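Listed below, chain by chain, are the residues.
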Amino acid sequence: MHNILARLNAVLAFSFTVLAGLTFLCFLTTAFKDYSTDVRVRDLTGRVNVAYVNGLGEVEEAIITGDLEVDLTPLFDWNAKELFVYLIAEYVTPNTPNSFNQIVLWDRIIQRGQPAKINQKKFAQEYRFLDDSKALKANPNVTLFLQWNVIPNAGALVTTRGRNSQSIAMPDTYTALRQSKRA
Amino acid sequence: MSEAVLKLLGADTMFDDLKRMNKRQVYYQVLNFGMIISTALMIWKGLMVVTNSESPIVVVLSGSMEPAFFRGDLLFLTNHQEQPIKVGDIVVFKIEGRDIPIVHRVLQLHDDGNNNIKFLTKGDNNWIDDRGLYAPGQMWLQPKDVVGRAKGYVPYIGMVTIIMNDYPRVKYAVLVALAAFVLLHRES
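The rules behind each value
Residues numbered from 1 in each chain as written. Chains lettered and ligands numbered in written order. Predicted model: local features only at pLDDT ≥ 70, side-chain atom pairs only at ≥ 80, totals over all residues. Heavy atoms only, no water. Pairing = 2+ DSSP bridges. Helix = DSSP H or I, 4+ residues; strand = E, 2+ residues; numbered from the N terminus. UniProt positions renumbered as here; feature names shortened; annotations may be inferred. Domains from an automatic or database assignment. Contact = heavy atoms within 4.5 Å. Buried area = accessible area lost by both parts, 1.4 Å probe. Salt bridge = Lys/Arg side-chain N within 4 Å of Asp/Glu carboxyl O. 1 Å grid on protein atoms, 1.4 Å probe; cavity = no way out; pocket = protein on both sides within 12 Å on 5 of 7 lines; lining within 4 Å. Points joined across faces, edges and corners; volume = space filled by probe spheres on them. Nonpolar A, V, L, I, M, F, W, Y, C, P; charged D, E, K, R; others polar.

### Comments concerning the pairing of strand β1 (residues 40–53) of chain A
All names here are of chain A. The sheet contact formed by β1 and strand β2 (residues 57–71) spans 12 bridges and is antiparallel. By the bridge assignment for β2, Arg-42 is matched with Asp-67. Between the antiparallel neighbours β1 and β2 lie three residues, among them Gly-55 with a positive phi of about 90 degrees.

Listed below in structure tokens is the structure:
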């Protein structure tokens with residue numbers, strides 16, 4: 001009975017059981033951890049204009065910038081492989097076809113071992129901020145949150161919102177979003 | 001020489017177990033085989049009920065979410081309707097006319113307040129959003145396109161199914177070997 005195949009089978013089965021058990025324990029050690037931390041979003045300024053986008057028609061487009069400061073170093077425990085950090089603009093627009101809106105303006109991937117302090121003066125918006133219900137102009141309350149998704153070595157994919165947020169009232173006039181290079 | 005190898009592998013006594021079995025034991029082995037298949041099926045269907053997703057476990061097939069997910073990683077999905085989709089969620093969605101579901105992250109979302117949500121996705125590793133991947137003229141995804149949202153992650157395991165899909169012969173060999181083992185091997 002104790003031929004090579006039987007022995008191989010036993011060794012493989014045992015190592016996989018041990019690996020699965022260890023992975024599960026690794027997941028358990030971080031399963032109930034709070035990954036939240038303080039964030040500072042400050043000095044927001046915004047501009048709104050009309051834009052024409054293929055497939056959406058005439059929409060409103062906004063550009064928001066400001067300062068962003070957070071230290072995510074403490075979030076890297078032994079089961080954190082990567083942080084996907086993103087800045088969300090959240091606003092409500094009653095009496096339009098939309099009512100609740102969330103737009104990602106900026107994101108960053110921080111892998112284990114990379115510096116995890118973010119200190120952005122006048123962050124540059126990476127994604128277009130478009131609103132097809134045209135409710136951005138004079139919107140009194142666009143709130144910016146920083147949020148991150150902890151990607152583990154193995155385990156639960158946790159999404160945490162940073163403490164503190166900053167709201168901005170959008171201007172009530174359209175202005176050019178980008179300075180024209182040709183004067 | 002070859003006899004010695006066969007003996008080492010235990011192939012010379014492989015069918016001895018079978019010969020020694022009486023009718024009852026053969027029935028028992030067959031029932032045992034059936035139990036294994038139905039257990040696997042029940043676990044899968046049970047997960048579907050608990051997670052409310054038509055496919056509670058998926059294998060990542062592309063590198064569009066690197067460095068978070070690589071080809072061959074395993075994702076656990078849920079799709080509970082009482083938890084609305086939010087920006088930043090990793091959704092697995094199907095596009096009309098495409099067989100393979102896509103795993104990407106929600107980038108923009110508009111909700112009309114009556115559970116009509118439209119959203120746009122993007123892969124972490126892609127430069128632009130997914131409008132080019134959607135059906136022609138489709139600008140937004142809706143909750144009905146979503147298979148599930150990724151809640152759990154285990155690396156590498158899905159490589160097994162990728163290899164089996166890429167090389168069907170491996171799949172049949174493994175299946176035959178497993179079936180032979182279960183049917184021929186007698187518990188002592």
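Now that the structure has been shown, we can carry on.
### Considering the UniProt feature "domain: Peptidase S24/S26A/S26B/S26C" (unreviewed entry) in chain B
Under the local residue numbering, the UniProt record ascribes the feature "domain: Peptidase S24/S26A/S26B/S26C" (unreviewed entry) to residues 44–111 of chain B. A distance of 32 Å separates the end C-alpha atoms of residues 44–111 of chain B, which is 12% helix and 32% strand.

### Side note on the domain arrangement of chain B
Residues and elements named next belong to chain B. In terms of domain boundaries, chain B breaks down into domain 1 (3–51 + 165–184) and domain 2 (57–157). A C-alpha centroid distance of 37 Å is found between domain 1 and domain 2. Facing five residues of domain 1, the contacting portion of domain 2 comprises six residues. Counting each side, the surface lost to burial between domain 1 and domain 2 is near 360 Å², with a carbon and sulfur contribution of 52%. Scanning the region where domain 1 abuts domain 2 turns up one salt bridge.

### Points about the layout of surface pockets
Of the voids in this model, the second largest pocket is the one considered here, and its volume is about 520 Å³. Lining the second largest pocket are 21 residues, and of these Tyr-127 of chain A together with Lys-122, Trp-127, Ile-128 and Asp-129 of chain B sit closest to its centre. Where the lining of the second largest pocket is concerned, the elements lending two or more residues are β4 (100–111) of chain A together with β4 (102–111) and β5 (117–122) of chain B. Here the lining of the second largest pocket is built from residues that sort into nine nonpolar, five polar and seven charged.

### Quick notes on the interface of chain A and chain B
Each partner contributes residues to the interface: chain A has 39 residues there, and chain B has 35 residues. For the chain A and chain B pair, buried surface summed over both sides reaches about 2,800 Å², with 57% attributable to carbon and sulfur atoms. Of all residues in chain A, the largest losses of buried area upon contact with chain B belong to Phe-100, Gln-102 and Leu-157 of chain A, amounting jointly to 20% of the total for that side. At the junction of chain A with chain B, the criterion picks out one salt bridge.

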